[in-house]
Amino acid sequence: MTANVFRLLSVSTCLVALLGGCALGPRYEVPETGAPPAFKEAATASGWLPAAPADALDRGDWWSLFGDPVLDDLARRVQVSNQNIAVAVANYAQARALVREQRAALFPSVSAGGDLRRSGARNTSPVTSSSASIGADWEPDVWGRLRLATSGAEASAAASEADLASARLSTIGELATNYFTLRETDAEIRLLDITLEGYQRSLTIARNRYEAGIAGQSDVLQAQTLYVNTQADRVALQRNRDTLEHAIAVLTGAPPADFSLVAADWTPVVPAVPVAVPSTLLQRRPDIAAAERAVEAANAQIGIARSAYFPSLSLSASLSSNASRVGDLFNASNMLWALGLSVAQTVFDAGATGARVDAARAQHEAAVARYRQTVLTAFQNVEDQLTTSSSLAQQLVLRREASEAADRSEQQFLNRYRQGQVGFTEVITAQVSALNARRTLIQLQVSRQNAAVGLIQAMGGGWVAKPGSSS
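Residues numbered from 1 in each chain as written. Predicted model: local features only at pLDDT ≥ 70, side-chain atom pairs only at ≥ 80, totals over all residues. Heavy atoms only, no water.

Is there a simple way to explain the confidence of the model for the protein chain in this structure?
Detailed reading of the predicted model is not advised wherever pLDDT is low. Confidence along the protein chain averages 84 in pLDDT terms, with 86% of residues attaining 70 or more. Of all helices and strands in the protein chain, the one with the weakest mean pLDDT is helix H1 (residues 2–19) (46), whereas helix H5 (residues 217–251) scores best (96). Contacts from residues 1–21, a stretch scored under 50 in pLDDT, to residues over four places away or in other chains number 20 contacts. Below a pLDDT of 50 lies the segment residues 46–57, which in the model reaches 29 contacts outside its immediate sequence neighbourhood of four places, other chains included. (pLDDT = per-residue confidence, 0-100. Helix = DSSP H or I, 4+ residues; strand = E, 2+ residues; numbered from the N terminus. Contact = heavy atoms within 4.5 Å.)

Help me out: how do you make sense of the environment of Asp193 in this one?
Topologically, Asp193 is positioned in helix H4 (residues 145–211). On a C-alpha basis, the gap between Asp193 and Thr230 in space is 9.2 Å, while along the polypeptide they are 37 residues apart.

What am I meant to see in the pairing of strand E2 (residues 127–138) here?
Within a regular beta strand, the side chains point alternately toward one face of the sheet and then the other, so they alternate between its two faces. Relative to E2, strand E1 (residues 109–119) runs antiparallel, the two sharing 11 bridges. Following the sheet pairing, Asp115 is matched in E2 by Ser131. Judged from the nine bridges that link them, E2 and strand E3 (residues 312–323) form a sheet pairing that is antiparallel. Bridging across to E3, Ala132 finds its partner in Ser321. (Pairing = 2+ DSSP bridges.)

I'm lost on the sheet that holds strand E4 (residues 335–344) in this one. Help?
Sheet strands pair via backbone hydrogen bonds, and the direction of the pair is either parallel or antiparallel. Within the open sheet, the four strands sit side by side as E1-E2-E3-E4. Their pairing is antiparallel. Where the open sheet ends on each side, the last strands, each with one partner, are E1 and E4. Each adjacent strand pair in this sheet contributes to an overall mean axis angle of 15 degrees, direction not counted. (Axes fitted to C-alpha atoms, helices over the stretch in contact; angles between N-to-C directions.)

Explanation requested: the packing of helix H8 (residues 352–418) against helix H9 (residues 424–458) in the structure shown.
Contact geometry of H8 with H9 gives a least axis separation of 7 Å together with a crossing angle of 160 degrees. As summarised for this structure, H8 and H9 are arranged roughly antiparallel, according to the angle between their axes. Here H8 and H9 pass one another in a crossing that is left-handed. Among the residues forming the contact of H8 with H9, the class breakdown is 19 nonpolar, 13 polar and seven charged. (Parallel < 35°, antiparallel > 145°, perpendicular 65-115°, else oblique. Left-handed = near helix turned anticlockwise from the far one by under 90°. Nonpolar A, V, L, I, M, F, W, Y, C, P; charged D, E, K, R; others polar.)

For this particular structure, what's the right way to read the side chain of Arg438?
Mapped onto the elements, Arg438 comes out in helix H9. Owing to a relative accessible area of 19%, Arg438 belongs among the buried residues under this scheme. In this view, Arg438 contacts Leu191, Thr195, Ser403, Asp407 and Glu410; residues no more than four positions away in its chain are not counted. (Buried < 20%, exposed > 50% of the residue type's maximum accessible area, 1.4 Å probe, protein only.)

Would you take a moment to explain the packing of aromatic side chains for this structure?
Geometrically, a pair of aromatic rings is defined through the distance of the ring centres and the angle of the planes. The final tally for this structure, using the stated rule, is four aromatic pairs. Ring centres of Trp62 and Trp63 lie 5.7 Å apart, and the angle between their planes is 75 degrees; this geometry places the pair in the edge-to-face category. Trp63 carries the same exposure label as Trp62, and that label is buried. Summarising the aromatic geometry, the rings of Tyr417 and Phe424 are spaced 4.9 Å apart at their centres and angled 65 degrees between planes, so their arrangement reads as edge-to-face. Look at Tyr417 and you get buried, because its relative accessible area is 1%. (Phe/Tyr/Trp six-rings, centres within 6.5 Å; stacked < 30°, edge-to-face > 60°.)

Explain the pattern of salt bridges here, please?
Considering all chains together, one arrives at 14 salt bridges under this definition. Between Arg145 and Glu139 there is a salt bridge whose closest N-O contact spans 2.8 Å. The class of Glu139 is partly exposed, set by a relative accessible area of 31%. With a closest N to O distance of 2.8 Å, Arg293 and Glu292 form a salt bridge. (Salt bridge = Lys/Arg side-chain N within 4 Å of Asp/Glu carboxyl O.)

Shown next, in the form of structure tokens:
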């Protein structure tokens, strides 16, 4: 009997070895996307340079290019304490654990057990019994189902890692946008404070002229209206600043009540961002990487579904012993062993297996479509940001010229009003125009910074090459 069992196991082992190379999953290839050779708007974006091949090796601390130490500190806090990033980190850890679980299925599982009992009845002597056993089970991966499951889990883990990178990129991008907007609000508040001082002087001039009888009360009322409305605008700006400060607090993982940012000078630095070619973009954007990994995971599911057409094999072995005394458990005469080979095959399932294969193929096609759509959206994002950056750069030159002209016009009308050459209505009009021009200029500067953040996000992050990297 023993010889027959060993012959059975030898045949089964040879069969496993012969079929071990079989794999039912289709060969995975990255879907074609038809990436253009260059971005359409790259040539029109002044100051946005083509990236060399080595420029896109590492995303790096891209926020440091804006030269703001406070922003650098906030970005570090976000990466440690932001709860959305914490969720992505936990999801990635869960995906890695699933990979280890799938890999473990490729190896035999070994179990051991033991039992010690003492029993008896009235008027009888107690009886002691003991037993011990050890067993092993292994499902040979004949058709590659387990390897496909492991590959799918690895692809899902890589997608989860890309999702983590996306969460970091998105969250720090949101932080930078909120921070720059807050600093722009500080600049507008300072501008209104200076402007209110000028409006106060204009109100004093109007009152003096009214008291001297050389101007009507309407001049005083108009000056007062402008002064009070500008005060109301300052109150609204302070509310906006408070809201932005609260948002930054939450991004850094702090309660708004325990967080504050002191008003500081704002230097609207706009770094020159190297624009990578579209084919490089496919490697840099984490959302594209996540979508591509999802395609590979769906591809593996096709092979897993197809493996149900074929029989499953399982090998088992056990060694056990029973004795009345623990010391006798390991005597050869008490040992029992067993070896087994089992085969299972579904004979009829009314087309359920075929339906699962078709569903897996459809899921793969959907993943391919999502990947291609993600790529197209990425191209659109870059083109939009390049257009925005080019437009804002041109607007800034024109708006600065308009602001300087409005400032001169305001001063001239105020001087002429003091000399009685014009009415106060013309002064008010010039003052409002000058203030609007100054505020527009400040808002354009922060818009350029936010556009730079948007382009960096659209390009998948920073572009600082690792030391020693080569193209």
